[in-house]
Amino acid sequence: MTTGPRALLRRGFDRAERLLDRAFGPDWNPLAQLGPIGWFLFWIVAVTGIYLFIFFDTGVTDAYASVAWLSRDHWWHAGVARSLHRYASDLMVVVMFTHLIREWAMDRYRGSRWFSWVTGVPVIWFVYLSGITGYWLVWDKLAQYIATTTSELLDTLGIFAEPIARNFLAPDLLASRFFTLMVFLHIAIPLLLLLLMWVHIQRITEARTNPPRGLAAITLGALVVGALLSPAPLGAAADLATVPMRVDMDWFLLSLYPVIESVPAGAIWAGVVGFTVLMIGLPWLPARRDGAAAAVFLDHCNGCSRCVEDCPYAAITLVPRSDGLPFTHEVEVNPARCVACGICMGACPSSTPFRRTGNLVTGIDLPDRPLAALRAEVIRAADGTSGPGRVLTLSCAYGAAAGDAPGRVVLPCVAMAPPSLVDFIISRGLADGVAVAGCAERDCHNRLGVAWTRARFARERDPYLRARVPRERVLTVWAGPTETARLDAELAGFAERLSSMPAYENLRPLDPDEVADAEAAAAERAAG
Ligand code: HEM
Ligand code: SF4
Ligand code: SF4
């Protein structure tokens, strides 16, 4: 068992998520829905922001009065909207950091998956900038504190023709034009944030940008209750003639301000640049080498596009046919995006282990672990099963069954196994039953592997698990790394049930070619 900081954190998340699974169920588990919740919060902030703008007066002298009026006289709609606007922004900070720590713990930020991480880094700053410019607009004592501290910090850059801190030295120096600029920034920065959030999910297929409705309702409900029980505070009006002594701090969006005050500006800028560079460089510190990218074999590809639809990382594209075969399309793999999860191989209709040896080539295959080698591995693994009730396990490298064990074949993702492999194992008598042990149901390491496997087995998504495969001989277990006890119990129960079943009636033992093939592969492996 690995025990580095990442593995420990991963186990910590797994335990916390198991508890939340009990309260919310795997589909609504908030820790597995942080990205979608982040999007949902953005929309709450956007809608409440537009609503507030109806009542907000953008002039420097009237801004505070308009916020005070909407918070007190119209607390039941505009005041609630203001509190929602603030609390959803605060929650976005919490969700964002939890999300990024979790993606790090799950090791989903390196190798070909670097893109979402790197594009997430400017998202952090844009969330902060959106919040800071928003606080500025209220023009109370807190806004005054932010305005003076920020402008003093910006002035240390020496890039402005006139120091901007001068605007805040005395009441009559603050120009309405400057205030209008802040209003403009508070609209432009969130729009750029939205653009960045969109870029952030461009390299993944079927990115979830909406939480399940129930979870969205719970999130919104909790925010509304918070807004009613504890409305967003409003300090006294800004007064540039005095220095604000006490302000109601927002520790989510403005937590850096006390630091800015007490640390030299040079150290602050060095910290900002250092943090950004470190975060951007993290996917390469150290880099992860994914296996060789999937390779297409056009002689076995009819351009059906199943692999395109199933690849979780948008690494495959459908392009016009180039080899003269009578199909309109073929597929192309972008090696820079491929993480070698093998899900495409499991999706291809040509991936059938029943093909005769010598022909065991499929439309799209993993060069490091081709279908032919997988079939040979499965045949060899059958030797490790013991009866009665022999179970052969196809497991995922990120779940509870990640370690090597007799009778187990560990895959980068369980969806790499074409459903026909399950049929093959049972009908060739390699085992009495097949257990497919993937990651926790709430969140697959390869994003869509659990969903595709379930849909294929339920005959809802091509390639289907054939109807002739007796379902009582197939077990699926979705379990995270801390759930080995449950996995073992489920496997033992399955073996027990299998032991009391009559022998499978459609057995067609391995043919000599298949045996020879497995032996050759084993010899090759032994020779290194
Ligand atoms: C509020 C801001 C953010 C939002 C709304 C957001 C949203 C999302 C969404 C919707 C996904 C896709 C989830 C899925 O369907 O699998 C995602 C994935 C991801 N995000 Fe974020 N994100 C935010 C900030 C960040 C930050 C700051 C980082 C890191 C610096 C980050 C790193 C990642 C990574 C590594 C993935 C996984 C990509 C993969 O599976 O290959 N995100 N995010
Ligand atoms: S192995 Fe296939 S499904 Fe997985 S990332 Fe590469 S192309 Fe996509
Ligand atoms: S699933 Fe197989 S046959 Fe279909 S397009 Fe992909 S490689 Fe070609």
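Our structure's up above, just so we're on the same page.
Here's a quick rundown of the structure. (Residues numbered from 1 in each chain as written. Chains lettered and ligands numbered in written order. Predicted model: local features only at pLDDT ≥ 70, side-chain atom pairs only at ≥ 80, totals over all residues. Heavy atoms only, no water.)

Moving on, we come to the packing of aromatic side chains. Throughout the structure, instances matching the rule amount to 13 aromatic pairs. Here Tyr51 and Phe55 contribute two aromatic rings whose centre-to-centre distance is 5.3 Å and whose plane-to-plane angle is 75 degrees, an arrangement assigned as edge-to-face. Residue Tyr51 and its partner Phe55 are located together in helix 2 (residues 34-55), separated by four residues, close to a single helical turn. On the accessibility criterion, Tyr51 (31% relative accessible area) is partly exposed. Here Trp114 and Phe115 contribute two aromatic rings whose centre-to-centre distance is 5.7 Å and whose plane-to-plane angle is 70 degrees, an arrangement assigned as edge-to-face. Classification of Trp114 by relative accessible area gives partly exposed; the value is 26%. (Phe/Tyr/Trp six-rings, centres within 6.5 Å; stacked < 30°, edge-to-face > 60°. Helix = DSSP H or I, 4+ residues; strand = E, 2+ residues; numbered from the N terminus. Buried < 20%, exposed > 50% of the residue type's maximum accessible area, 1.4 Å probe, protein only.)

Our next topic: the sheet that holds strand 8 (residues 474-478). With respect to topology, four strands assemble into an open sheet ordered 6-5-7-8, the strand pairing being parallel. Since the sheet does not close on itself, it has two edges, and those belong to strand 6 (408-411) and strand 8, each with one partner. On average, each strand axis in the sheet is inclined to that of its neighbour by 15 degrees, with strand direction left out of account. Sheet analysis places strand 7 (residues 433-438) next to strand 8, joined by five bridges and oriented parallel. (Pairing = 2+ DSSP bridges. Axes fitted to C-alpha atoms, helices over the stretch in contact; angles between N-to-C directions.)

Now for the packing of helix 3 (residues 63-72) against helix 4 (residues 75-105). Two numbers describe how helix 3 lies on helix 4: the axes approach to 6 Å, and their chain directions differ by 120 degrees. Considered as vectors, helix 3 and helix 4 are oriented oblique to each other. Across from Val67, Leu70, Ser71 and Arg72 in helix 3, the residues of helix 4 making contact are Trp75, Ala78, Gly79 and Arg82. For the contact of helix 3 with helix 4, the per-class residue count stands at four nonpolar, two polar and two charged. (Parallel < 35°, antiparallel > 145°, perpendicular 65-115°, else oblique. Contact = heavy atoms within 4.5 Å. Nonpolar A, V, L, I, M, F, W, Y, C, P; charged D, E, K, R; others polar.)

Residues Trp139, Ile146 and Leu254 are the most contacted members of the largest nonpolar core, which totals 74 residues. Sort the elements by how many residues they give to this core and helix 5 (residues 114-138) lands first, with 12 residues. Each residue touching Trp139, except ones within four places of it in the same chain, is listed here: Val60, Tyr64, Gln144, Ala147, Phe168, Leu174, Phe179, Ala237, Ala238 and Leu240. In this structure, Met345, Ile379, Ala415 and Cys444 belong to the second largest nonpolar core, which totals 58 residues. (Core = buried A, V, L, I, M, F, W, Y, C linked by side-chain atoms within 4.5 Å.)

As far as function goes, none of this settles anything; it's purely spatial.
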